[in-house]
Amino acid sequence: MAEERLRIAIQKSGRLSDGSFELLKSCGLKVSRGRDKLYGRVQEMPIDVLLLRDDDIPAFVADNACDIGIVGQNVFEEELLSETHEAPAEEVMQLGFARCRLMLAAPKEWNFDGANDLASKRIATSYPALTKAWLEREGVEAKVVMMKGSVEVAPRLKIADAVCDIVSTGATLDANGLKPVATVFDSEAILIRNAEKFSAEKQAIFDALIKRINGVLRSKD
Ligand code: PRT
Ligand code: ZN
């Protein structure tokens, strides 16, 4: 029988990519990338790496194309709230990098005085499910407009009154004449896994990897 290998999905390139490779490296795992750049192979443990767009990672893990994955909590929660996979993926642990916030932001000249000011307003976001859940918690009815990118330009283009977008330094909001007014979701990179039971062999690889990750995270505390 062929040796079982654990498949991990990580972001090919972007804000999660360096942190993900670094974490594997700190775990003593060197990823050799294949010529097609889609696959990577780890020598030190029976682990294969799949390099994907971050948005594809939750579904790949939920649908068993991969066993585990590293993704932003914001992307994972949005997926959980908006889609129903038969066997959804599960969060295993927070990984302590790629920290950011999903925030509501309004034009600087808006004398914003709390969530109620958003009643009947239009909010542009790439995270409609998380935004709607927050509005519901706040008891505010507003119109949520989905935008895949360049959310921060929506108020200037009069597409929306406010935005709900990912913020790390705040420089992007500032450059677009916007100010953060409320935090909708705190996020960082997380490890997720397929919800089905692993084979004993796969579980052993998974346990060994988790042990190494915990060791790395503890050494950073
Ligand atoms: O190509 P692919 O689809 O894989 O990548 P992507 O472009 O969709 O995602 P990417 O690489 O930008 O982000 C991946 C994940 O990193 C996100 O889902 C978050 O979990 C996390 N993260 C951390 C961020 C940021 N920080 C961040 N600053 N994601 C996005 N931003 C963007 C934000 O959208 C805004 O445009 O950066 C801008 C704001 O940054 P500041 O520093 O100006 O506030
Ligand atoms: Zn993406």
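Residue numbers here run from 1 along each chain, matching the order of that chain's written sequence. As they are written, the chains are lettered A onward and the ligands numbered 1 onward, keeping that order. pLDDT decides what is reported in this predicted model: residues at 70 or higher carry local features, side-chain atom pairs at 80 or more are listed and counted, and totals for whole chains, interfaces and linings draw on all residues regardless.

1. Digging into the overall build of the protein
Numbering of helices and strands runs from the N terminus, with a helix taken as a DSSP run of H or I at least four residues long and a strand as a DSSP run of E at least two residues long. In terms of helices and strands, the protein carries six helices and 12 strands. Each principal axis of the C-alpha distribution contributes one length, and for the protein these read about 65 × 35 × 35 Å. Of all 221 residues assigned to the protein, the portion counted as buried reaches 34%. A separation of at least 24 residues holds for 68% of the contacts in the protein among residues at least 6 apart in sequence. Our exposure labels follow a C-beta count within 10 Å of each residue's own C-beta, placed from the backbone: buried means 20 or more other C-beta atoms, exposed means 12 or fewer, and partly exposed covers the counts in between. By definition, residues are in contact whenever their C-beta atoms, placed on the basis of the backbone, come within 7 Å of each other.

2. A closer look at the domain arrangement of the protein
Note that domain bounds follow an automatic or database assignment of domains. According to the domain assignment, the protein consists of domain 1 (6–98 + 188–220) and domain 2 (100–187). Here domain 1 and domain 2 have C-alpha centroids that lie 30 Å from each other. In this complex, domain 1 contributes nine residues to the contact, which on the side of domain 2 involves nine residues. In terms of residue count, helix 3 (residues 73–82) provides more of the side of domain 1 that touches domain 2 than any other element does, six residues in total. Only Asp, Glu, Lys and Arg are considered charged, only Ala, Val, Leu, Ile, Met, Phe, Trp, Tyr, Cys and Pro nonpolar, and every remaining residue, Gly among them, polar. Residue classes in the side of domain 1 that touches domain 2 are distributed as two nonpolar, four polar and three charged.

3. A look at the site of ligand 1
Nearness between a residue and a molecule or strand is assessed with a C-beta atom placed from the backbone; a distance within 6 Å qualifies. Every one of the 21 residues lining ligand 1 counts as a neighbour, but Gly14, Gly72, Cys100, Thr169 and Thr172 are closest to it. Taken together, the elements giving at least two residues each to the shell around ligand 1 come down to helix 3, strand 10 (162–167) and helix 5 (171–175). Examining the composition of the shell around ligand 1, we find that three residues originate from one element, strand 10, more than from any other. In terms of residue class, the shell around ligand 1 is built from seven nonpolar, nine polar and five charged. Both domain 1 (6–98 + 188–220) and domain 2 (100–187) contribute no fewer than three residues apiece to the shell around ligand 1.

4. Some details on the sheet that holds strand 6 (residues 89–94)
When DSSP finds two or more bridges between two strands, those strands count as paired. Taken together, seven strands build an open sheet; the order of strands is 2-3-4-1-5-12-6 and the sheet is mixed. On the outer flanks of this sheet lie strand 2 (31–33) and strand 6, each paired with one strand and no other. Geometrically, the sheet is characterised by an average inter-axis angle of 30° between neighbouring strands, direction not taken into account. Relative to strand 12 (residues 189–194), strand 5 (residues 68–72) runs antiparallel, the two being bridged by five bridges. Considered in strand 12, the bridge of Ile70 is made with Leu191. Against the sheet, helix 1 (residues 17–26) touches strand 1 (6–11), strand 2, strand 5 and strand 12, its axis set at about 145° to strand 1. Note on geometry: axes are C-alpha line fits, over the in-contact stretch for helices, and angles between N-to-C directions span 0 to 180 degrees. Where helix 3 meets the sheet, its contacts fall on strand 5, strand 6 and strand 12, and the angle it forms with strand 5 comes to roughly 100°.

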